[in-house]
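# A structural walkthrough
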Amino acid sequence: QVQLVESGGGLVQPGGSLRLSCLASGRIFSINNMGWYRQSPGKQRVSVATITFGGSAHYADSVKGRFTISRDNAKNTVYLQMNSLKPEDTAVYYCNAELVASDSYFPDDYWGQGTQVTVSS
């Protein structure tokens, strides 16, 4: 069984910083892309940042220059460093991984349970 577990969310003042982490564990053969998505109340889940196995990153326009995604392939972990946070960044942040489980031949999407990030004074 494969699990993605996020950590690092919380309450922060505008202009502050948070670092999210996501560990993929279980019977994993390989991990392709990893990424972070977010969902605000009443809105659809949207991509924030994604990163390939080789480290190529892509960002939503709304977070470019403020957020940095990185990953440690040896630890099956992806990170999201969030700086200069704004109230509009408030959302539940979800980790995503496209991976091949040990009992599968094909990649599939896996999601974490989500971690709340609240930016407020």
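Fair warning: this is a prediction, and the values are worked out from it, not measured in the lab.

## A closer look at the state of the cysteines
Per the stated rule, a full pass over the model turns up one disulfide. Shown here is the disulfide that connects Cys 22 with Cys 95, its sulfur atoms set 2.1 Å apart. The disulfide joining Cys 22 to Cys 95 has a torsion of about -80° about its S-S bond and is therefore left-handed. Placement of the pair is Cys 22 in strand 3 (residues 18-26) and Cys 95 in strand 9 (residues 91-101), with a sequence separation of 73 residues. Each member of the pair, Cys 22 as well as Cys 95, is classed as buried.

## Notes on the environment of Ala 60
Inspection of the secondary structure puts Ala 60 in the loop between strand 6 (57-59) and strand 7 (67-72). Put simply, Ala 60 and Ser 121 are 61 residues apart on the chain and 25 Å apart in space, counted from C-alpha to C-alpha. Residues in contact with Ala 60, not counting those within four places in the same chain, are Ser 47 and Val 48.

## Details of the pattern of salt bridges
Throughout the structure, instances matching the rule amount to three salt bridges. With a shortest N-O distance of 3.0 Å, Arg 38 and Asp 89 are connected by a salt bridge. Of this pair, Arg 38 sits in strand 4 (residues 28-39) while Asp 89 is found in the loop between strand 8 (77-82) and strand 9, placing the two residues 51 residues apart along the sequence. Per residue, the accessibility class of Arg 38 equals that of Asp 89, and both read buried. Between Asp 89 and Arg 66 there is a salt bridge, and its shortest N-O distance comes to 2.8 Å. Of the two residues, Asp 89 sits in the loop between strand 8 and strand 9 while Arg 66 sits in the loop between strand 6 and strand 7, which places them 23 residues apart along the sequence. With respect to class, Asp 89 is no different from Arg 66; both count as buried. When salt bridges that share partners are traced, they join Arg 38, Arg 66 and Asp 89 into one network.

Reading guide: rules and limits
Residues numbered from 1 in each chain as written. Predicted model: local features only at pLDDT ≥ 70, side-chain atom pairs only at ≥ 80, totals over all residues. Heavy atoms only, no water. Disulfide = S-S within 2.5 Å. Helix = DSSP H or I, 4+ residues; strand = E, 2+ residues; numbered from the N terminus. Buried < 20%, exposed > 50% of the residue type's maximum accessible area, 1.4 Å probe, protein only. Contact = heavy atoms within 4.5 Å. Salt bridge = Lys/Arg side-chain N within 4 Å of Asp/Glu carboxyl O.

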